[in-house]
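Coordinates in review
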Amino acid sequence: MTTVVILDYGSGNVRSAQRAVETTGATVSISADFEIALNADALLVPGVGAFAACVAGLKNVRGDQIIGRRLAGGRPVLGICVGMQVLFEKSTEHAELGFHPGLNEWPGTVDQLTAPVLPHMGWNNVVAANESQMFAGISDERFYFVHSYAARKWELDPYELLSPPKVSWANHGEDFVAAVENGPLWATQFHPEKSGDAGLALLGNWISAIK
Amino acid sequence: MSVAIRVIPCLDVDAGRVVKGVNFENLKDAGDPVELAKRYGAAGADELIFLDITASSSDRETTYEMVKRAADELFIPLTVGGGVRSVSDVDQLLRAGADKVGINTAGLDNPELISQAAAQFGDQCVVLSVDVRRATGCPSGFEATTHGGRNSSGRDALEWIIEAAQRGAGEVLLNSMDADGTKNGYDLALISAVRAVVDIPIIASGGAGKLTDFHPAVVAGADAVLAASVFHFNELSIQDVKSELRSNGNEVR
């Protein structure tokens, strides 16, 4: 049985994420324990609220080290919503000094979207990357987004890498990164745990990819 | 390709039980909000709203318990409003599993509550719920009311919505007390007036009676359309509403 830990660093409604991942058959616990989070088969990093608060909360439980060490060992991590945004180099959200630093797993800036209505709230399409495992069987579905900031560019040079990341896109006012599959590190800007059957299928794809 | 217009059923709940009855076939318990929530989720609802009208504050525990049970079974967003008085109330609802919390009368009494909740939990989970009626004494012609439309707040509705959005409300649940219960269509003048002054999403509420009522609300500026009795009494299905919206060129899920 695949064990999944949801990293409990004070970010919002983790109960829904737990219930949603449980529907895949995985054993799911919510924990901030360093060893438990490090050793689980898979780690889910949730995130709601402000970018800087999430980064601070993560660092409080050494989440940056947990993520870094897991990825170094090829152990799966899934970031959701702000849990995805913090993986980038920086964000301009509420940043009077220009930006707040992120965990810098990927280069690039999380910026406010330019759109007539913000937050981007609701069900939107995703243009899934070619040969995406994440969107296998669900590439025509809509997923539930709620955010005002996003990575509007993908800056990691694919030609430097043996296995280039699969980047999927969505549009609200402008194009932004909706999801990334980068080896063991996956992330979604939308909320699979709030995206009905399509979201549960996506989580199933994640767990299947781990087995 | 763009974000879909959301179709949202709203359930009025009193001490953990649905009021005003819901007329579905094959329901084991027509008063159980959780069973209804699941039913609506399966029927294609994009989101659900529980409006807690429990009078007694001693029954709040029942509400949290209900939200917990619903959140355990439901994989679409859940908003809970009604009787939210403090940051601690918001916190407890979010912990129980609500994704968003509606703030109404308490926000008018204490606007700082909107700012505090948005700062602590994020703009995305603060829904300004406002009951609006026409009033000649207000500059915009619309007044915000309290206590479900029974009392005048003395505040211009548009001014209040602008202020709440600046304070961090991430969405506005716009209830027209003039249209509510009439089944004569949404309050299009009100929706347009609000659309002109804020850029947060608008949930139109009050007045839905027939399929052709929904598209005009979207044209007026609504991002989501809420209805209660027409869904509860099977007068309209969620899929019928979506088909009607789609045939008018709107994106739906």
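Here we summarise the structure given alongside this text. Keep in mind the model is a prediction, meaning the values are calculated, not measured. (Residues numbered from 1 in each chain as written. Chains lettered and ligands numbered in written order. Predicted model: local features only at pLDDT ≥ 70, side-chain atom pairs only at ≥ 80, totals over all residues. Heavy atoms only, no water.)

1. Comments concerning the overall build of chain B
From N to C terminus, chain B includes ten helices and eleven strands. Computed over C-alpha atoms, the radius of gyration of chain B comes to 17 Å, within 12% of the 18 Å expected from 2.2 N^0.38 for 253 residues, which places it in the range of a compact globule. Along the three orthogonal principal directions, the C-alpha set of chain B runs to about 50 × 45 × 35 Å. Out of the 253 residues in chain B, the part that is buried amounts to 60%. Pairs at least 24 apart in sequence give 63% of the contacts found in chain B among residues at least 6 apart. Split by element, the accessible area of chain B, about 9,600 Å² in all, is 47% carbon and sulfur. For chain B, the centre of its 23 positive side-chain charges and the centre of its 36 negative side-chain charges are spaced 2 Å apart. (Helix = DSSP H or I, 4+ residues; strand = E, 2+ residues; numbered from the N terminus. Rg over C-alpha atoms; globule rule 2.2 N^0.38 Å. Buried < 20%, exposed > 50% of the residue type's maximum accessible area, 1.4 Å probe, protein only. Contact = heavy atoms within 4.5 Å. Areas by Shrake-Rupley, 256 points an atom, 1.4 Å probe, with all protein chains shown as cover. Lys, Arg positive; Asp, Glu negative; His and termini not counted. Charge placed at Lys NZ, Arg CZ, Asp CG, Glu CD.)

2. Describing the packing of helix α2 (residues 60-73) of chain B against helix α3 (residues 87-96) of chain B
One can describe the packing of α2(B) onto α3(B) by two numbers: an axis separation of 8 Å at closest approach and a directional angle of 35°. The residues of α3(B) that touch α2(B), namely those facing R60(B), E61(B), T63(B), Y64(B), V67(B), K68(B) and A71(B), are D89(B), Q92(B), L93(B) and A96(B). (Axes fitted to C-alpha atoms, helices over the stretch in contact; angles between N-to-C directions.)

3. Some thoughts on the packing of helix α5 (residues 112-121) of chain B against helix α6 (residues 157-167) of chain B
Residue and element names in this part refer to chain B. Here α5 crosses α6 at 30°, and the two axes come no closer than 8 Å. One way to sum up the angle between α5 and α6 is to call them roughly parallel. In this structure, α5 meets α6 at a crossing whose hand is right-handed. Along its contact with α5, which presents E112, I114, S115 and A118, the element α6 presents W160, A164 and R167. Split by residue class, the contact of α5 with α6 holds four nonpolar, one polar and two charged. (Parallel < 35°, antiparallel > 145°, perpendicular 65-115°, else oblique. Left-handed = near helix turned anticlockwise from the far one by under 90°. Nonpolar A, V, L, I, M, F, W, Y, C, P; charged D, E, K, R; others polar.)

4. Some thoughts on the pattern of salt bridges
Residue and element names in this part refer to chain B. Enumeration over the complete set of coordinates arrives at 27 salt bridges over all chains. D223 is the salt-bridge partner of R195, the closest N and O atoms lying 2.9 Å from each other. Of this pair, R195 sits in helix α7 (residues 188-195) while D223 sits in the loop between α8 (214-220) and β11 (224-227); the two residues are 28 residues apart in sequence, bridging distant segments of the chain. Taken as a pair, R195 and D223 share a single burial class, namely buried. (Salt bridge = Lys/Arg side-chain N within 4 Å of Asp/Glu carboxyl O.)

5. As for the interface of chain A and chain B
Every contact between the two is made by 28 residues of chain A and, on the other side, 33 residues of chain B. Buried surface at the junction of chain A and chain B, both sides included, amounts to about 2,500 Å², of which 58% is carbon and sulfur. Of all residues in chain A, R15(A), M121(A) and W123(A) give up the largest surface area on contact with chain B, accounting jointly for 27% of the area buried on that side. Taken together, the links from chain A to chain B amount to three salt bridges. For the salt bridge of R142(A) with E251(B), the shortest nitrogen-to-oxygen distance reads 2.3 Å. Here chain A and chain B share twelve residue pairs in polar contact (both at pLDDT 80 or more) between them. (Buried area = accessible area lost by both parts, 1.4 Å probe. Polar contact = N/O pair within 3.5 Å; in protein donor to acceptor, adjacent residues only side chain to side chain.)

6. A look at the packing of aromatic side chains
Following the criterion strictly, the structure yields ten aromatic pairs over all chains and no others. Aromatic pair F145(A) and F190(A): ring centres 5.4 Å apart, planes at 70°, arrangement edge-to-face. With a gap of 45 residues between them, F145(A) in strand β9 (residues 142-147) and F190(A) in the loop between β13 (185-188) and α6 (196-210) connect regions that are remote in the sequence. Summarising the burial analysis for this pair, F145(A) and F190(A) share the class buried. For the ring pair Y186(B) and F214(B), a centre distance of 5.7 Å and an interplane angle of 70° mean the geometry is edge-to-face. Of the two residues, Y186(B) is situated in the loop between β9 (171-176) and α7 and F214(B) in helix α8; the sequence distance between them amounts to 28 residues. Feature note: the residues F135(A), F143(A), F145(A), F176(A) and F190(A) constitute an aromatic cluster, connected by ring pairs. Between R253(B) and the ring centre of W123(A), over which it is positioned, the NZ or CZ distance is 3.6 Å. (Phe/Tyr/Trp six-rings, centres within 6.5 Å; stacked < 30°, edge-to-face > 60°. Lys NZ or Arg CZ within 6 Å of the ring centre and 35° of its normal.)

7. Points about α2(B)
When the terminal C-alpha atoms of α2(B) are compared, their 20 Å separation across 14 residues agrees well with the 20 Å that a helix rising 1.5 Å per residue should span. By the burial criterion, the buried members of α2(B) are R60(B), T63(B), Y64(B), M66(B), V67(B), A70(B), A71(B) and D72(B). (Expected span 1.5 Å × (residues − 1).)

8. Remarks on the nonpolar core
Membership of the largest hydrophobic core comes to 80 residues, with the highest contact counts inside it found for F50(B), L128(B), V130(B), L174(B), Y186(B), V194(B) and F214(B). Setting aside its immediate chain neighbours within four residues, L128(B) contacts I103(B), I114(B), W160(B), I161(B), A164(B), A169(B), E171(B), V172(B) and L173(B). Core analysis: the next-biggest nonpolar cluster, separate from the first, contains 71 residues, V21(A), V86(A), F88(A) and F143(A) among them. (Core = buried A, V, L, I, M, F, W, Y, C linked by side-chain atoms within 4.5 Å.)

9. Observations regarding the state of the cysteines
All names here are of chain B. Evaluation of the coordinates by the stated rule reveals zero disulfides over all chains. You can see C10 has no disulfide; the closest cysteine sulfur is in C125, sitting 18 Å from it. By relative accessible area, C10 is classed as buried at 9%. (Disulfide = S-S within 2.5 Å.)

10. Focus: α7(B)
Residues of α7(B) that are buried include every one of L190(B), I191(B), A193(B), V194(B) and R195(B), and no others. For α7(B), the secondary structure elements touched by its buried residues are β6 (126-134), β7 (142-146), α6, β9, β10 (202-205) and α8 of chain B.

11. Focus: the sheet that holds strand β12 (residues 174-182) of chain A
Residue and element names in this part refer to chain A. Here we have seven strands laid out as an open sheet, ordered β2-β1-β3-β4-β13-β12-β11, and mixed in their pairing. Each edge of the open sheet carries a strand with a single partner, namely β2 (27-31) and β11 (166-172). Neighbour to neighbour, the strand axes of the sheet diverge by 25° on average, direction disregarded. In the sheet, strand β4 (residues 77-80) pairs with β13 via four bridges, with the strands oriented parallel. Looking across to β13, one finds that I80 is bridged to T188. The strands touched by helix α4 (residues 63-72) within the sheet are β1 (3-7), β3 (42-45), β4 and β13, with β3 carrying the most contacts at an inclination of about 140°. (Pairing = 2+ DSSP bridges.)

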